[in-house]
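The lines below spell out each chain.
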Amino acid sequence: MPELPEVENLARGLSARILGATILEARCHFPAAVGSEPECFAEAVLGRRIQELHRHGKYLFFLMDRDVVLALHLRMTGQLLLVPPDQKPDKHTHLELLLSDPRQKIVFRDVRKFGRIKVLEGSISRFVEEKKLGADALEISVETLYRAFQKTSRSIKAVLLDQRVLAGLGNIYTDEVLFREQISPLRKACSCSYEQTASLRRTIRSVLRAAIRGRGTTISDYVDARGESGSFQNSLRVYSRAGLPCPRCGRQIVKSRVAGRGTYSCPVCQSR
Ligand SMILES: [Zn+2]
């Protein structure tokens, strides 16, 4: 599932190529993906000029003139691609947006059909408030994270995955961060001291930044706007490595279930 680095990478790739373009045509093949009648969606976006992209957690926002904003969430298998204007849609293509200057097409594909691209009713800040999203995982302060840790009895893995605490971490990067910090995913978040929380936050930022530099992680479906895979899967130390030796101590990485998710950790290095 795409997490913060993949969405950031997508945003960077798109920014260079679509800012200033105008939407000439909108073809919707799966109304649930746009969350409204295709006619209403088309009416809202036709003729609009894309002025800015903004990311918060795993959401990507397209800011257009006349205050029209599109919010995209890729969920499990969503892909947003830039393709030539005459490329035929396949059976997983739910939306096509034909652009001018230069003429090209944004295509939203999604095999599992959970991804959404919707016109917002209000501002981005109102949307973030309504969804109760926490601060972006690259922006959250130690104080905010520490306060969130102190007021819960949940495991640290569950808290880091909770988009209402911090937005952007998913299963892959949470496991990678906890391994690098040598913290058990089962440990209670409230047992972290302020100093440990500060160290954890530094690691969250460094892992996410390294993954952005690596153009994201491709385990199954993630590709960027050009259709290219990321490379950070080659830098993963525990995620999807059950049975392989821990890069730190050599013991086998184990897969368990924490916070309802398949979780990879080293039983020796992450015993605390
Ligand atoms: Zn180990």
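Right above here is the structure, for reference.
In this text the structure is predicted, and so the values were computed from the model without any measurement.

**Describing helix H3 (residues 38-45)**
Those residues of H3 not exposed but buried are Phe 41, Ala 42 and Val 45. Along the axis of H3, the buried positions cluster into a sector of 95°, meaning they face one direction only. Facing away from the buried side of H3 by more than 90 degrees, the exposed set consists of Glu 39 and Glu 43. Packed against the buried residues of H3 are strand E1 (23-28), helix H2 (31-34), strand E3 (59-64), strand E4 (69-73), strand E6 (93-99) and strand E8 (116-119).

**A closer look at the sheet that holds strand E2 (residues 50-56)**
Pairing is antiparallel across the open sheet formed by four strands, whose spatial order is E2-E3-E4-E8. Each edge of the open sheet is held by one strand with a lone partner, namely E2 and E8. Put simply, the sheet's adjacent strands are angled 20° from each other on average, direction ignored. Strands E2, E3 and E4 of the sheet are contacted by helix H1 (residues 4-18), whose axis makes an angle of about 170° with E2.

**Observations regarding the side chain of Lys 58**
Checked against the element boundaries, Lys 58 lands in the loop between E2 and E3. Despite its burial, Lys 58 pairs with no opposite charge, the nearest such side chain being Glu 3 at 5.8 Å. Discounting chain neighbours no more than four positions away, the residues touching Lys 58 are Met 1, Pro 2, Glu 3, Leu 4, Val 7, Leu 72, His 73, Gln 163, Gly 168, Leu 169 and Gly 170.

**Some details on the packing of helix H5 (residues 142-150) against helix H8 (residues 194-213)**
Between H5 and H8, the shortest axis-to-axis distance is 9 Å and the interhelical angle comes to 120°. In terms of axis orientation, H5 runs oblique to H8. Here H5 runs over H8; the crossing is right-handed. In contact with Val 142, Glu 143, Leu 145, Tyr 146 and Phe 149 of H5, H8 contributes Tyr 194, Thr 197, Ala 198, Leu 200, Arg 201 and Ile 204. When its residues are assigned to classes, the contact of H5 with H8 shows eight nonpolar, one polar and two charged.

**Points about the coordination of the zinc ion**
Taken together, Cys 246 (SG), Cys 249 (SG), Cys 266 (SG) and Cys 269 (SG) make up the full set of protein donors to the zinc ion, lying 2.2 to 2.4 Å away. Read in sequence order, the donor residues for the zinc ion give the motif C-x2-C-x16-C-x2-C. Residue Cys 246 is located in the loop between H8 and strand E11 (254-258), and its partner Cys 266 is located in the segment after strand E12 (261-265); the two are separated by 20 residues in the primary sequence. On the accessibility criterion, Cys 246 (4% relative accessible area) is buried.

**Points about a nonpolar patch on the surface**
On the surface, a nonpolar cluster with roughly 270 Å² of combined accessible area is contributed by Met 1, Met 76 and Phe 114. Note on placement: Met 76 falls in the loop between E4 and strand E5 (78-83).

How each quantity is defined
Residues numbered from 1 in each chain as written. Predicted model: local features only at pLDDT ≥ 70, side-chain atom pairs only at ≥ 80, totals over all residues. Heavy atoms only, no water. Buried < 20%, exposed > 50% of the residue type's maximum accessible area, 1.4 Å probe, protein only. Helix = DSSP H or I, 4+ residues; strand = E, 2+ residues; numbered from the N terminus. Arc of directions from axis to C-beta. Contact = heavy atoms within 4.5 Å. Pairing = 2+ DSSP bridges. Axes fitted to C-alpha atoms, helices over the stretch in contact; angles between N-to-C directions. Lys, Arg positive; Asp, Glu negative; His and termini not counted. Salt bridge = Lys/Arg side-chain N within 4 Å of Asp/Glu carboxyl O. Parallel < 35°, antiparallel > 145°, perpendicular 65-115°, else oblique. Left-handed = near helix turned anticlockwise from the far one by under 90°. Nonpolar A, V, L, I, M, F, W, Y, C, P; charged D, E, K, R; others polar. Donors = N, O, S within 2.8 Å, 3.2 Å for Na, K, Ca; no water. Patch = residues over 30% accessible without salt bridge, like charges linked within 9 Å, V, L, I, M, F, W, Y side chains within 5 Å. Areas by Shrake-Rupley, 256 points an atom, 1.4 Å probe, with all protein chains shown as cover.

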